[in-house]
Amino acid sequence: MTQTILKDVTILLAILMVLLQMTVAKIDKSYYCGACLAIVQEVNIKIGEVDPNKKVEVGSFRVDPDGKQKLKKVSYATSEVYLTEVFEKVCESMHEYGEKFEKDLDVKLFPRTNRPDSAPIDLIGVEMNEGIFKKLKSACHTIVEDHEDEMIKLFKKKSIKRENLGRDICLNLAKVCTGNEVLAKLMWDKTSEERKFKSAKAKKQEEIQKQAEEAIRRQNFEKAPVAGEAAKQEL
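Since we're looking at a predicted model, the values are computed, not measured. Within any chain, residue numbers begin from 1 and follow the written order of that chain's sequence. For this predicted model, a pLDDT threshold of at least 70 governs which residues receive local features, and a threshold of 80 or more governs which side-chain atom pairs are given and counted, while totals over whole chains, interfaces and linings are taken from all residues. Note that the side-chain values use all heavy atoms of the structure and ignore hydrogens as well as water.

Side note on the state of the cysteines
Counting rule for disulfides: a pair of cysteine sulfur atoms within 2.5 Å. A full pass over the atoms with the stated rule returns three disulfides. Here Cys33 is linked by a disulfide to Cys177, with a sulfur-sulfur distance of 2.0 Å. Every disulfide takes its handedness from the sign of the S-S torsion; for Cys33 and Cys177 that torsion is 105 degrees, giving right-handed. Pair noted here: Cys33 is in helix H2 (residues 29-48) and Cys177 is in the loop between helix H5 (165-173) and helix H6 (179-234), with a separation of 144 residues, a long-range link. Working definition: with a 1.4 Å probe on protein chains only, accessible area under 20% of the residue-type maximum means buried, over 50% means exposed, and in between means partly exposed. A relative accessible area of 3% places Cys33 in the buried class. Given a relative accessible area of 8%, Cys177 falls into the buried group. Each disulfide pairs two cysteine sulfurs, and for Cys36 the partner residue is Cys170, the sulfurs being separated by 2.1 Å. On the sign convention where negative means left-handed, the S-S torsion of about -95 degrees between Cys36 and Cys170 marks this disulfide as left-handed. With Cys36 in helix H2 and Cys170 in helix H5, the pair connects residues that are 134 residues apart, well separated along the chain. You'll find Cys36 and Cys170 in the same group, each marked buried. To qualify as a helix, a DSSP run of H or I must reach at least 4 residues; to qualify as a strand, a run of E must reach at least 2; elements of each kind are numbered from the N terminus.

Some thoughts on the packing of H2 against H5
Look at H2 against H5: their axes get within 9 Å of each other, and the N-to-C directions meet at 145 degrees. You can see that H2 and H5 cross each other, and the crossing is right-handed. On H5, the residues that touch Cys36, Leu37, Val40 and Asn44 of H2 are Leu165, Gly166, Ile169 and Cys170. Within the contact of H2 with H5, the residues separate by chemical class into six nonpolar, two polar and no charged. Helix axes are fitted only over the stretch in contact, all axes being lines through C-alpha atoms; the angle between N-to-C directions runs from 0 to 180 degrees. Throughout, a crossing is termed right-handed when the near helix is turned clockwise from the far one, and left-handed when it is turned anticlockwise from it by less than a right angle. Residues are treated as being in contact if the distance between any of their heavy atoms lies within 4.5 Å. Nonpolar residues are Ala, Val, Leu, Ile, Met, Phe, Trp, Tyr, Cys and Pro. Charged residues are Asp, Glu, Lys and Arg, and all others, Gly as well, are polar.

Examining unusual backbone geometry
Phi is positive for Asp106, which is not a glycine, with a value near 55 degrees. Relative accessible area serves as the criterion here: at 58%, Asp106 is assigned to the exposed category. In the Ramachandran plot, Lys175 falls in the positive-phi region, its phi being about 55 degrees despite a non-glycine side chain. With respect to the secondary-structure elements, Lys175 resides in the loop between H5 and H6. According to the relative accessible area criterion, Lys175 is exposed, its value standing at 63%.

A closer look at the nonpolar core
Nonpolar side chains tend toward joint burial in soluble globular proteins. Residues Ile39, Val43, Phe87, Phe155 and Ile169 are the most contacted members of the largest nonpolar core, which totals 40 residues. Listing elements by their share of this core, those giving two or more residues are H2, helix H3 (80-89), helix H4 (130-156) and H5. Excluding its chain neighbours within four sequence positions, the residues that come into contact with Val43 are Leu83, Val86, Phe87, Val90 and Phe155. Counting seven residues, the second-largest nonpolar core is a separate cluster that includes Val107, Ile121, Ala184 and Trp188. Residues grouped as a nonpolar core are buried Ala, Val, Leu, Ile, Met, Phe, Trp, Tyr and Cys residues, joined through side-chain atoms within 4.5 Å.

Thoughts on H5
Of the positions making up H5, those classed as buried are Leu165, Gly166, Asp168, Ile169 and Cys170. The first or second residue beyond H5 is Lys175, which carries a positive phi of 55 degrees.

Focus on a negative patch on the surface
Taken together, the side chains of Glu145, Asp146, Asp149 and Glu150 define an acidic patch exposed on the protein surface. Here Asp146 is to be found in helix H4. You can call Asp146 partly exposed: its relative accessible area is 48%. Only residues above 30% relative accessible area that lack a salt bridge enter a patch, with like-charged residues linked at up to 9 Å and the nonpolar side chains Val, Leu, Ile, Met, Phe, Trp and Tyr linked at up to 5 Å. Note on areas: Shrake-Rupley with a 1.4 Å probe; residue coverage comes only from the protein chains shown. Whenever a carboxyl oxygen of Asp or Glu lies within 4 Å of a side-chain nitrogen of Lys or Arg, that contact is scored as a salt bridge. Positive charges are assigned to Lys and Arg, negative charges to Asp and Glu, while His and the chain termini are left out of the count. The location of each charge is read from NZ of Lys, CZ of Arg, CG of Asp or CD of Glu.

Looking at the side chain of Lys185
Here Lys185 shows up in helix H6. Judged by its relative accessible area of 6%, Lys185 falls in the buried class. Under this definition, polar contacts are N or O atom pairs within 3.5 Å; protein pairs additionally need one hydrogen-donor-capable and one acceptor-capable atom, and for neighbouring residues in sequence, both atoms have to be side-chain atoms. There is a polar contact of 2.7 Å between the side chain of Lys185 and the side chain of Gln41. Ignoring any residue separated from it by four or fewer positions in sequence, one finds Lys185 in contact with Leu37, Gln41, Leu109 and Phe110.

This is how it looks when you write it as structure tokens:
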């Protein structure tokens, strides 16, 4: 009887493993790259939201003469405490991303569909739906489960440039991206920054134009009564 039960359990587990593998296989490899690069972008956004002057005390490997662990102050934004909190919720941000095919590099690109600073984004050709979100979220959870500790260590390093983390994490560490996929994301982000700069410049010029028009309007308004008084004197 016991052997029969064990046999049934073994068969059931085998079926579950096959179903799990089939589910994972349905997710295109490009979604893992997209999710990984999105993780890097989201964590960088969260780091940027923290006051750079905010510090937190953490233990060091050194001990004082009394045998007590020495404490040192580090930036809260890149502390393990804060980064761990960020990683706990990072996969929920995958709904911010869409899907686009980049013809020049022959890769899928998963751009953020809005910016934290509300700057305009070119969403021509970008597809957004619940299916994309679910695939990115599933891939995100897998990557975080497999590499969270290593990713946090890289985010804590001051020597690593933020713009290189996509390459360091997704290409070299997790190995879920190709060089072209990382390049496509870098090019998209650069274009977005240029568009943001042009938008800000255009808004500034528009503001200056409005101020000039308002000054002319006020000047004409102030001159109007004077002209009226002059006409009265002539009569």
